[in-house]
Amino acid sequence: MSAESSKSNPPLQTVAPINFLITGGGIAGLACAFALRRVGHPNLTKIFFHWGLKDVLREKASVSHTIHFSRYESGEYLGEQVWNPDVLKETRGVFMVITHAELFDILYEAAIRIGAQVRFNAEVVSINTQEREVELATGETVSGDVLVGADGECGPSRTAVVGREARGGHTGLAMYDTIVSGKYLPEHLSLLRKDNSVFVAFGDGRAALAFPVHGQEDFSFQFYGPDEHTDGNYGDPPSVAVREVTQTSDPQLRAIVEHARTAVRIPVRSHEDLEDWVHNDGRLVLIGEAAHPFPPGTIQATAMAVEDGAVLAKLFSHLSEERQIENFLFAFQELRQSRATGVRANEFNAAFFMSLTGEIAVQRDAAMRARLATGGNALDGLGGETSAMWEEIRTIFGYDCEDEADDWWVQWGLLREHALNRQADDEGAHNALPLLDFSKMTVQVSSTASG
């Protein structure tokens, strides 16, 4: 979801630039690097348009207006959901589809263009919290004033904050990610070419999702199905023949599978909600998948990662003294934790909603057929009332993370600064609050810049 907004004014610049060492070079890390550089610190959303990336995003991505639903096993059509113009206007949004690689390139080029330094193949082997530095596999050490852990659920940053590995539990479901050339798209899916539509198939313990990419030259397919493996992540080499996991699908869907590239398998894991995103030592903060791992293939994972970078940068645009650093990091956690946790729970439920079994699946499909018979949208409630699911979409897309960060500064940040200034005037500079006594602080660093 990207905002149709002209809000791309120059950002507030910090008067106290510091160095951020970002662990991880994925979407979260690059978004954070770009956002921080915009506010003067060295190094889908409406944020991209706010950042002045509207033109390049529109060049690479496709605007979608409709989601089509069907049964995975039979191909029975269950209805469509046309994006409500009122909702899009209210949230200043358009729904866009793009590959992960294309989005990565957009953020990478934007970050490099404004001065972020990105290093690839820099594997972190140890973290020294006292010295605020990490050691790379080459023996080199790299340090920073603030350490940003954007290295995912399996990276060293999450382990450092939690105090142990926290890779999530096995759910028995996996997502298989592949690409199919558009020339093999069967006739019954030709509707996906109209308005760059998204296709969703509900199955018995299985599901499929597809959308056009590369200007409709190709179609991205994501199949969900049972899986007993626990390993597998984005970036792994393709290892699964799609026909092996789609044997119960609609024959027309199986026909396209014959032309699919070998798929990457990513297990759907369940994760505990972390109590802390900031290390006890105060200067290592988790963002993106390191803080809140999402099920693979869900639409909000990337949005949450980008929002994290935007909020962190917005807060640090107000930095004027080193003593504010820790306060800003905990403010980031306060602003982001409840939203990311709630959205992640919804996305986890959505992944399993597509693959429901038994009576609840029968009821879901019957309700959608009834809406189809009356000409209603698949996600709209009967009687014209908006369903809870659609209301959640309205809430999620209408949120403006940078406005939330600005509100925190006006309501709490400035108030704290005024109180500290008043205390300094009354008690003298040597009696600052213990929380801000940096002589007693140790600082955590985490970093790896991966491709």
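Rules used throughout
- Residues numbered from 1 in each chain as written.
- Predicted model: local features only at pLDDT ≥ 70, side-chain atom pairs only at ≥ 80, totals over all residues.
- Heavy atoms only, no water.
- Helix = DSSP H or I, 4+ residues; strand = E, 2+ residues; numbered from the N terminus.
- Buried < 20%, exposed > 50% of the residue type's maximum accessible area, 1.4 Å probe, protein only.
- Areas by Shrake-Rupley, 256 points an atom, 1.4 Å probe, with all protein chains shown as cover.
- Pairing = 2+ DSSP bridges.
- Axes fitted to C-alpha atoms, helices over the stretch in contact; angles between N-to-C directions.
- Expected span 1.5 Å × (residues − 1).
- Core = buried A, V, L, I, M, F, W, Y, C linked by side-chain atoms within 4.5 Å.
- Phe/Tyr/Trp six-rings, centres within 6.5 Å; stacked < 30°, edge-to-face > 60°.
- Lys NZ or Arg CZ within 6 Å of the ring centre and 35° of its normal.
- Parallel < 35°, antiparallel > 145°, perpendicular 65-115°, else oblique.
- Left-handed = near helix turned anticlockwise from the far one by under 90°.
- Contact = heavy atoms within 4.5 Å.
- Nonpolar A, V, L, I, M, F, W, Y, C, P; charged D, E, K, R; others polar.
- Salt bridge = Lys/Arg side-chain N within 4 Å of Asp/Glu carboxyl O.
- pLDDT = per-residue confidence, 0-100.

(A) Main features of the overall build of the chain. Broken down by element type, the chain carries 12 helices and 16 strands. Within the chain, the proportion of its 451 residues that are buried is 54%. Carbon and sulfur atoms provide 49% of the accessible area of the chain, an area that totals close to 19,800 Å².

(B) Seen up close, the sheet that holds strand E8 (residues 133-136). Strands sit in the order E7-E8-E9 across an open sheet of 3 strands; the sheet is antiparallel. Each end of this open sheet is capped by a strand with a single partner; those strands are strand E7 (124-128) and strand E9 (141-143). Taken pair by pair, the neighbouring strands of this sheet meet at an average axis angle of 25°, ignoring direction.

(C) Examining helix H1 (residues 27-38) more closely. If you check H1, its first and last C-alpha atoms are 16 Å apart, about what 12 residues at 1.5 Å a residue would give, namely 16 Å. Listed in full, the buried residues belonging to H1 are Ile27, Ala28, Gly29, Leu30, Ala31, Cys32, Ala33, Phe34, Ala35, Leu36 and Arg38. Of the residues trailing H1, Gly40 is marked for its positive phi of about 105°.

(D) Up close: the nonpolar core. Phe48, Trp51, Leu107, Val148 and Phe316 are the most contacted members of the largest nonpolar core, which has 72 residues in total. It is H1 that contributes the most residues to this core, 9 residues altogether. Formed by 24 residues, the second largest nonpolar core is a distinct cluster that contains Phe69, Leu78, Leu209 and Ala378.

(E) Just the sheet that holds strand E14 (residues 218-226), in detail. Taken in spatial order, the 7 strands line up as E5-E4-E12-E13-E14-E11-E15 in an open sheet, and their pairing is mixed. The open sheet has two edge strands, strand E5 (77-82) and strand E15 (264-270), and neither has a second partner. Within the sheet, the average angular offset between the axes of one strand and its neighbour, ignoring direction, is 20°. Sheet analysis places strand E12 (residues 198-202) next to strand E13 (residues 207-213), joined by 4 bridges and oriented antiparallel.

(F) Main features of the packing of aromatic side chains. One pass over the structure, following the stated rule, counts 13 aromatic pairs. Chaining the aromatic ring pairs together yields one cluster made of Phe20, Phe316, Phe328, Trp408 and Trp409. Over the ring of Phe353 we find Arg364, and its NZ or CZ is 5.5 Å from the ring centre.

(G) Broad picture of the packing of H1 against helix H5 (residues 100-113). It is the contact of H1 with H5, at a shortest axis distance of 9 Å, that shows an interaxial angle of 25°. For the element pair H1 / H5, the angle class is roughly parallel. Once H1 is placed against H5, the crossing between them reads as left-handed. Residue-level inspection shows Ile27, Leu30, Ala31 and Phe34 of H1 in contact with H5, the latter providing His100, Leu103, Phe104, Leu107, Tyr108, Ala110 and Ala111. Residues of the contact of H1 with H5, tallied by class, amount to 10 nonpolar, 1 polar and no charged.

(H) Representation of the pattern of salt bridges within the structure. The tally for this structure, following the rule as stated, stands at 16 salt bridges. Between Glu153 and Arg269 there is a salt bridge, and its shortest N-O distance comes to 3.1 Å. With Glu153 in the loop between strand E10 (146-149) and helix H6 (156-162) and Arg269 in strand E15, the pair connects residues that are 116 residues apart, well separated along the chain. Given the relative accessible area of 12%, Glu153 is considered buried. Among the charged side chains, a network of salt bridges with common partners joins Arg71, Glu73, Arg364 and Asp365.

(I) The packing of helix H8 (residues 300-316) against helix H9 (residues 325-353), seen in detail. Look at H8 against H9: their axes get within 10 Å of each other, and the N-to-C directions meet at 165°. With respect to each other, H8 and H9 are oriented roughly antiparallel. Crossing of H8 over H9 shows right-handed handedness. Here H8 contributes Gln300, Met304, Glu307, Asp308, Val311, Leu312, Leu315 and Phe316 to the contact with H9, which in turn contributes Ile325, Phe328, Leu329, Ala331, Phe332, Leu335, Arg336, Arg339, Ala340, Val343 and Glu347.

(J) Here's a closer look at the environment of Ser157. Relative to the helices and strands, Ser157 is located in helix H6. For the pair formed by Ser157 and Leu286, sequence separation is 129 residues and the distance between their alpha carbons is 7.0 Å.

(K) Spotlight on unusual backbone geometry. Positive phi, normally seen in glycine, also occurs at Asn121, with a value near 55°. The topology assignment puts Asn121 in the loop between H5 and E7. For Asn121, a relative accessible area of 76% translates into the label exposed. Backbone geometry places Asp195, a non-glycine residue, at a positive phi of 60°. Relative to the assigned elements, Asp195 resides in the loop between strand E11 (169-181) and E12. On the accessibility criterion, Asp195 (32% relative accessible area) is partly exposed.

(L) A look at the pairing of E7. Direction of pairing for E7 relative to E8: antiparallel, over a ladder of 4 bridges. Looking at E8, one finds that Ser126 is bridged to Glu135. Connecting E7 to the next strand, E8, in antiparallel fashion are 4 residues, including Arg132 with a positive phi near 55°.

(M) The confidence of the model for the chain, seen in detail. Per-residue pLDDT for the chain averages 82, and the proportion of residues at 70 or more is 83%. Contacts from residues 1-7, a stretch scored under 50 in pLDDT, to residues over four places away or in other chains number 36 contacts. Here residues 382-386 scores under 50 on pLDDT; set against residues more than four positions off or in separate chains, the count is 5 contacts.

(N) Molecular detail of the environment of Lys60. Tracing the backbone through its elements, the reader meets Lys60 in helix H3 (residues 54-60). For Lys60, a relative accessible area of 37% puts it in the partly exposed group. The spatial distance from the C-alpha of Lys60 to the C-alpha of Gly215 is 7.9 Å, given a sequence separation of 155 residues. The contact partners of Lys60, leaving out residues within four places of it in the chain, are Ile98, Glu102 and Ile106.

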